[in-house]
Amino acid sequence: MRKYAILAAALLMTGCFHEFHEKMDGTGTMAVALQWEQAEDAATPIHNLTYSTGGSTGSFAGAEEAASELLQLPAGEYDILVTANMTEADGYILSGMPATKADGSLPEVKVSLKDPASSPAQAWFGVAHASVKDDDVTVVEPKLQRLLSTLTVNIANIPAGTTIALTLSKVAKEVILTAKDNTGRYGVPGSETVPDLTIPASTVSLFPTASGQERCILTIQLTSAAGIALTVVCNAPCMEVGKDYILDLDYNELQPYMYINSSSISPWEDGWTVDGEILNPQE
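Residues numbered from 1 in each chain as written. Predicted model: local features only at pLDDT ≥ 70, side-chain atom pairs only at ≥ 80, totals over all residues. Heavy atoms only, no water.

Visitor: Break down the overall build of the chain for me, citing the residues and quoting the values.
Guide: Across its full length, the chain carries two helices and 23 strands. Residue burial in the chain is summarised as follows: out of 283 residues, 46% are buried. Once local pairs closer than 6 in sequence are excluded, the contacts in the chain between residues at least 24 apart make up 68%. (Helix = DSSP H or I, 4+ residues; strand = E, 2+ residues; numbered from the N terminus. Buried < 20%, exposed > 50% of the residue type's maximum accessible area, 1.4 Å probe, protein only. Contact = heavy atoms within 4.5 Å.)

Below, the structure written as structure tokens:
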């Protein structure tokens with residue numbers, strides 16, 4: 001069963017909100033109540049939570065502190081952007097904040113990584129819409145979704161002394177948090193890519209594949225203890241915002257060029273499997 005963190009609603013009923021300015025005619029009140037898109041994230045510690053809407057912004061140490069605030073806003077329609085654990089200290093750079101416009105809509109807010117290959121800790125964001133009514137309290141429930149993709153590469157039966165170097169190409173430079181994809185989901189990778197990333201042969205957290213790319217390329221460089229090199233180019237599916245990908249390979253079955261297919265393990269996780277050898281795309 002999905003677990004929700006609707007702290008604002010609980011505090012609203014108990015009257016445990018901070019005091020706010022005297023009520024003005026034609027204004028209403030917004031309370032922010034967080035949910036998690038993935039149930040297993042519900043216990044995640046939040047060390048920084050920000051939200052922005054309708055000319056108002058806030059930054060809080062955690063969900064409980066944020067839930068103790070009410071936003072007094074003119075009656076109308078509002079979009080709200082919430083980010084969690086997405087600070088410069090965490091390795092993220094936000095642009096377009098504060099995300100406020102006079103009409104209550106959100107401008108284009110982007111996030112990038114200080115170091116695209118750093119594999120930072122996961123961050124979360126959510127966008128929600130609220131109708132604020134005069135002399136009423138509206139509880140808005142942004143659903144926090146994961147920002148980073150994760151890629152796990154496992155290679156079995158590697159001979160002793162073999163070294164491995166992995167390079168991933170076509171990774172997006174930024175993600176537009178306030179944009180929707182063709183399914184209506186928020187978080188769209190930008191079209192600009194970062195230089196090819198050197199990643200570990202284990203699990204790495206990174207941005208998804210850039211928009212406009214049909215697939216991404218994973219290059220595996222193996223060097224035996226005797227100095228013999230083998231290069232494997234994997235033509236892989238695009239990675240999406242917040243999803244996990246697992247690629248299991250066997251050293252004895254590696255080919256110079258391999259086409260990778262994707263199969264769903266869960267709504268948030270895909271397994272990558274080898275479909276077969278393809279021609280060298282450079283020839």
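Visitor: Lay out the packing of aromatic side chains in plain terms, naming residues and giving numbers.
Guide: For the structure on display, the rule yields two aromatic pairs. With centroids separated by 5.6 Å and ring planes inclined at 90°, the aromatic side chains of Trp 36 and Trp 124 adopt a geometry described as edge-to-face. With Trp 36 in strand S3 (residues 34-36) and Trp 124 in strand S10 (residues 124-132), this pair connects stretches of sequence that are 88 residues apart. When sorted by exposure, Trp 36 lands in the same class as Trp 124, which is buried. (Phe/Tyr/Trp six-rings, centres within 6.5 Å; stacked < 30°, edge-to-face > 60°.)

Visitor: Would you mind going over the sheet that holds strand S16 (residues 186-189) in detail, with residue names and values included?
Guide: Spatially, S8-S9-S15-S16 is the arrangement adopted by the four strands of the open sheet, whose pairing is antiparallel. Edge strands, defined here as strands with exactly one partner in the open sheet, are strand S8 (92-95) and S16. Neighbour-to-neighbour, the strand axes of this sheet turn through a mean angle of 30°, independent of strand direction. Across four bridges, S8 lies against strand S9 (residues 110-113) in antiparallel orientation. By the bridge assignment, Ile 93 is partnered in S9 with Ser 112. (Pairing = 2+ DSSP bridges. Axes fitted to C-alpha atoms, helices over the stretch in contact; angles between N-to-C directions.)

Visitor: Which residues make up the sheet that holds strand S2 (residues 27-32), and what values go with them?
Guide: Overall, mixed pairing links the three strands, which are arranged S6-S2-S11 in an open sheet. Edge positions in the sheet fall to strand S6 (70-74) and strand S11 (137-140), since each has one partner strand and no second. Across the sheet, the mean angle from the axis of one strand to that of its neighbour is 35°, orientation sign disregarded. Bridge analysis of S2 against S11 gives four bridges, and the strand direction is parallel. Bridge pairing links Met 30 to Thr 138 in S11.

Visitor: Before we move on, could you go through the pattern of salt bridges and cite the residues and values that matter?
Guide: Evaluated as defined, the whole model comprises eight salt bridges. For Arg 146, the salt bridge identified is with Asp 41, shortest N-O distance 2.8 Å. Here Arg 146, found in strand S12 (residues 143-146), pairs with Asp 41, found in the loop between S3 and strand S4 (49-53); they are 105 residues apart in sequence, far enough to count as distant. Judged by relative accessible area, which is 13%, Arg 146 ranks as buried. Several salt bridges share partner residues, and in doing so they unite Glu 40, Asp 41, Arg 146 and Asp 244 into one network. (Salt bridge = Lys/Arg side-chain N within 4 Å of Asp/Glu carboxyl O.)

Visitor: Can you break down the nonpolar core residue by residue, with the values?
Guide: With 43 residues, the main nonpolar core has Leu 147, Leu 151, Leu 168, Leu 177, Leu 218, Ile 220 and Trp 272 as its most contacted residues. Per element, the largest residue contribution to this core is four residues, and it comes from strand S19 (residues 215-223). Leave out the neighbours within four places in its chain, and Leu 177 touches Leu 81, Thr 83, Met 86, Leu 94, Val 109, Val 111, Phe 125, Val 127, Leu 147, Tyr 186 and Gly 187. Formed by 22 residues, the second largest nonpolar core is a distinct cluster that contains Leu 71, Ile 80, Val 82 and Trp 124. (Core = buried A, V, L, I, M, F, W, Y, C linked by side-chain atoms within 4.5 Å.)

Visitor: Talk me through the environment of Val 175; I want residue IDs and the actual numbers.
Guide: Following the sequence through the fold, Val 175 ends up in strand S15 (residues 174-180). Residue Val 175 is classed as buried on the basis of its relative accessible area of 0%. A sequence separation of 63 residues divides Val 175 from Ser 112, and the C-alpha atoms of the two residues are 6.6 Å apart. Filtering out sequence-adjacent residues up to four positions away, Val 175 remains in contact with Val 109, Lys 110, Val 111, Leu 147, Gly 187, Val 188, Pro 189, Gly 190, Phe 207, Pro 208 and Val 241.

Visitor: Lay out unusual backbone geometry in plain terms, naming residues and giving numbers.
Guide: At Asn 85, a position not held by glycine, the phi torsion is positive, near 55°. With respect to the helices and strands, Asn 85 occurs in the loop between strand S7 (76-84) and S8. Asn 85 sits in the buried class, given a relative accessible area of 6%.

Visitor: Which residues make up the side chain of Thr 138, and what values go with them?
Guide: By the secondary structure assignment, Thr 138 is in strand S11. By relative accessible area, which is 15% here, Thr 138 ends up buried.

Visitor: Break down the environment of Ile 176 for me, with residues and values.
Guide: Considering the arrangement of structural elements, one finds Ile 176 in strand S15. Residue Ile 176 is classed as buried on the basis of its relative accessible area, which comes to 13%. When the C-alpha positions of Ile 176 and Pro 189 are compared, they lie 6.1 Å apart, and in sequence the two are 13 residues distant. Dropping the residues within four chain positions of it, Ile 176 is found in contact with Glu 108, Val 109, Lys 110, Gly 187 and Val 188.

Visitor: How would you summarise the confidence of the model for the chain if you had to cite specific residues and measurements?
Guide: Chain-level statistics for the chain give a pLDDT mean of 85 and a share of 84% at 70 or above. Ignoring residues within four places in sequence, the model shows residues 1-22, a span with pLDDT below 50, making 43 contacts including any to other chains. Considering only residues more than four positions removed or in separate chains, one finds that residues 277-283, a stretch of pLDDT under 50, has eight contacts. (pLDDT = per-residue confidence, 0-100.)

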